[in-house]
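# Coordinate inspection notes
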Amino acid sequence: MLSFSNILREFKSYVIISLGVLLYCFSWVAFLIPHGVAGGGVTGISSIIYYATGFEISYSYLIINVGLLIAGTIVLGNAFGLKTIYAIFLASAMFKILPEFQWITEFSDIPDTFINAILGGSLTAIGISWIFAQGGSTGGTDIIALIVSKYREVSLGKVFLYCDLLIVGSIYFLPEKGLQDVIYGYIQMVSFSYMLDVLITGSKQSVQILIFTSKYNEMADMISNDLDRGVTALQSMGWHSKQEGKLLVVVARKQQLAEISQAIMEVDNKAFISVCSAMSVYGNGFEMVKGKKRKKLTK
């Protein structure tokens, strides 16, 4: 039996997904479609079909997603499938309803297609990031990206980038379209991919902090007990002073850097701190290693 807190949590999750879908569809209807920009994903395919035949995006979007939705549900689970079904049908409805409002289709009074491509790509990434954060998807290459990221340590933005190159390039073959339209599509795609990586992987970025201090015992206890962070002490020696001591090494999330730095200065305001980005950190409290298990060698 579901508790009230679980029901409230699920309700909040679907509200956030709804807002993400709304922003995603709004960015297409307000910035991209009125200026003839074709982005990636199923929505990009639907927009190309619309530019070529006039067939409504809401219908083609729904039809194309059905097959991918089935595959995503099988691989990623029923919970993901339910949220994705909801997002797909809601997005299809939004693509049907939003164009009926003239103020939305004329929302962007910026004549430059380049600017509209950047704005549209950035806003769609924000909407998608909200949906991803709740375990949902708008279908299409979203599903492909999540399937790949489940088994491989690869950024979502890069998966979108590779999958969508062919989709955007296909607009070149439409009547009254050309290389310029392809370039605008790629601008939208790169803007979307970059912004998505910033939003999705930004919270997962880690740093390695090297702390040089004479108060290493007090400093290590403070980091371990007060900040609840792991700390490693390495034997070191200052070459100029020839004094031996301990070099403290701390690995933490990037957003924790300010708090840790402030705490270090409170213990020893003469401490020397070196910070470098950690590309990938695996283990307790960080990421899990993804990929297939190594096969044993046979004679």
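Here the structure is shown first, and the text comes after it.
The following paragraphs examine the structure supplied in this document.

Basis of the calculations
- Counting restarts for each chain, with residues numbered from 1 along the sequence as it is written.
- A pLDDT threshold of at least 70 governs which residues receive local features in this predicted model, and a stricter bar of 80 or more applies before side-chain atom pairs are shown or counted, although totals over entire chains, interfaces and linings include all residues.
- To get the side-chain values, take all heavy atoms of the structure and skip hydrogens and water.
- Pairing between two strands requires that DSSP report at least two bridges joining them.
- Numbering of helices and strands runs from the N terminus; a helix is a DSSP stretch of H or I covering at least four residues, while a strand is a stretch of E covering at least two.
- Axis lines are fitted to C-alpha atoms, over the contacting stretch for helices. Their N-to-C directions set the angle, which ranges from 0 to 180 degrees.
- Throughout, a contact is declared for two residues whenever any of their heavy atoms are within 4.5 Å.
- Burial classes: relative accessible area under 20% of the type maximum marks a residue as buried, over 50% as exposed, and values in between as partly exposed (1.4 Å probe, protein chains only).
- Here a helix's expected span is defined as the number of its residues, less one, multiplied by 1.5 Å.
- Here the word oblique covers every angle except those under 35 degrees (roughly parallel), over 145 (roughly antiparallel) and from 65 to 115 (roughly perpendicular).
- Take the far helix as your reference; a near helix turned counterclockwise from it by less than a right angle gives a left-handed crossing, and one turned clockwise gives a right-handed crossing.
- We call Asp, Glu, Lys and Arg charged. Ala, Val, Leu, Ile, Met, Phe, Trp, Tyr, Cys and Pro are nonpolar, and the rest, Gly among them, are polar.
- Among buried residues, those of type Ala, Val, Leu, Ile, Met, Phe, Trp, Tyr and Cys that are joined through side-chain atoms within 4.5 Å constitute a nonpolar core.
- Here is the rule: rings of Phe, Tyr and Trp (six-membered ring for Trp) pair when centre to centre is within 6.5 Å. Planes less than 30 degrees apart are stacked, more than 60 are edge-to-face, and the remainder are tilted.
- We count a charge as sitting over a ring when the NZ of a lysine or the CZ of an arginine lies within 6 Å of the ring centre and within 35 degrees of the ring normal.

### Here's the deal with the sheet that holds strand E1 (residues 206-212)
- Strand order across the open sheet formed by four strands is E2-E3-E1-E4, with antiparallel pairing between neighbours. Each edge of the open sheet is held by one strand with a lone partner, namely strand E2 (232-238) and strand E4 (272-278). Taking each pair of neighbouring strands and ignoring which way they run, the sheet shows an average axis angle of 25°.
- Where E1 and strand E3 (residues 243-253) come together, seven bridges link them in antiparallel fashion. If you follow Phe 212 over to E3, its bridge partner there is Leu 247.
- Against the sheet, helix H11 (residues 257-267) contacts E1, E3 and E4, and its axis sits at roughly 10° relative to E1.

### Some remarks on the environment of Ala 278
- With respect to the element layout, Ala 278 can be found in strand E4.
- Since its relative accessible area comes to 21%, Ala 278 is described here as partly exposed.
- Remark: the alpha-carbon pair of Ala 278 and Ser 206, spanning 72 residues in sequence, is separated by 5.3 Å.
- In this structure, Ala 278 is in contact with Ser 206 and Val 207, ignoring residues within four places of it in sequence.

### Side note on helix H2 (residues 41-53)
- In this model, H2 (13 residues) spans 18 Å end to end at C-alpha, consistent with the 18 Å of a helix rising 1.5 Å per residue.
- Along H2, the positions that sit buried rather than exposed are Gly 41, Val 42, Thr 43, Gly 44, Ser 46, Ser 47 and Ile 48.
- Gly 54 sits one or two residues past H2 and shows a positive phi near 85°.

### Observations regarding unusual backbone geometry
- Phi angles above zero are rare outside glycine, and Glu 176 is one such case at about 65°.
- Along the polypeptide, Glu 176 turns up in the loop between helix H8 (156-169) and helix H9 (179-201).
- Owing to a relative accessible area of 83%, Glu 176 belongs among the exposed residues under this scheme.
- A positive phi angle, near 55°, is found at Asp 228, a position not held by glycine.
- On the secondary structure map, Asp 228 appears in the loop between helix H10 (216-226) and E2.

### Observations regarding the packing of helix H1 (residues 4-32) against helix H6 (residues 113-133)
- Two elements in contact, H1 and H6, have axes separated by 7 Å at closest approach and are oriented at 165°. On the basis of their axis angle, the class for H1 and H6 is roughly antiparallel. By crossing handedness, the relation of H1 to H6 is classed as left-handed. Residues Ile 16, Ile 17, Leu 19, Gly 20, Val 21, Leu 23, Tyr 24, Ser 27, Trp 28, Phe 31 and Leu 32 of H1 pack against Asn 116, Ala 117, Leu 119, Gly 120, Gly 121, Leu 123, Thr 124, Ile 126, Gly 127, Ile 128, Trp 130 and Ile 131 of H6.
- For the contact of H1 with H6, the per-class residue count stands at 16 nonpolar, seven polar and no charged.

### Some words on the side chain of Ser 122
- Along the chain, the position of Ser 122 falls in helix H6.
- Residues in contact with Ser 122, not counting those within four places in the same chain, are Ser 191 and Met 195.

### Quick word on the nonpolar core
- Among the nonpolar cores identified, the biggest contains 34 residues, and Val 21, Cys 25, Phe 95, Leu 98, Ile 128 and Leu 196 are the most heavily contacted of them.
- Listed by contribution, the elements that provide at least two residues to this core are H1, helix H3 (57-76), helix H4 (78-97), H6 and H9.
- Tallying contributions element by element places H1 first for this core, with 10 residues.
- By size, the runner-up hydrophobic cluster in this structure holds 16 residues, among which are Val 250, Ala 252, Ile 264 and Ala 271.

### Brief notes about the environment of Ala 117
- Within the secondary structure, Ala 117 is located in helix H6.
- Given the relative accessible area of 0%, Ala 117 is considered buried.
- Ala 117 sits 80 residues away from Val 37 along the chain, and the two C-alpha atoms are 6.8 Å apart.
- For Ala 117, the contacting residues outside a window of four places in its chain are Leu 32, Val 37, Tyr 184, Ile 187 and Gln 188.

### Let's talk about the packing of aromatic side chains
- This model, assessed by the stated rule, comprises 10 aromatic pairs.
- Their ring planes at 80° and their centres at 6.4 Å tell us that Phe 26 and Phe 31 sit as a pair that is edge-to-face.
- Classification of Phe 26 by relative accessible area gives buried; the value is 17%.
- Given the relative accessible area of 7%, Phe 31 is considered buried.
- With centroids separated by 5.1 Å and ring planes inclined at 75°, the aromatic side chains of Phe 26 and Phe 107 adopt a geometry described as edge-to-face. With Phe 26 in helix H1 and Phe 107 in the loop between helix H5 (102-105) and H6, this residue pair connects regions lying 81 residues apart in the sequence.
- The structure contains a cluster of three or more aromatic residues connected by ring pairs, namely Phe 26, Phe 31, Trp 103 and Phe 107.
- Above the ring of Tyr 51, the side-chain terminus of Lys 177 is found at 4.8 Å from the ring centroid.

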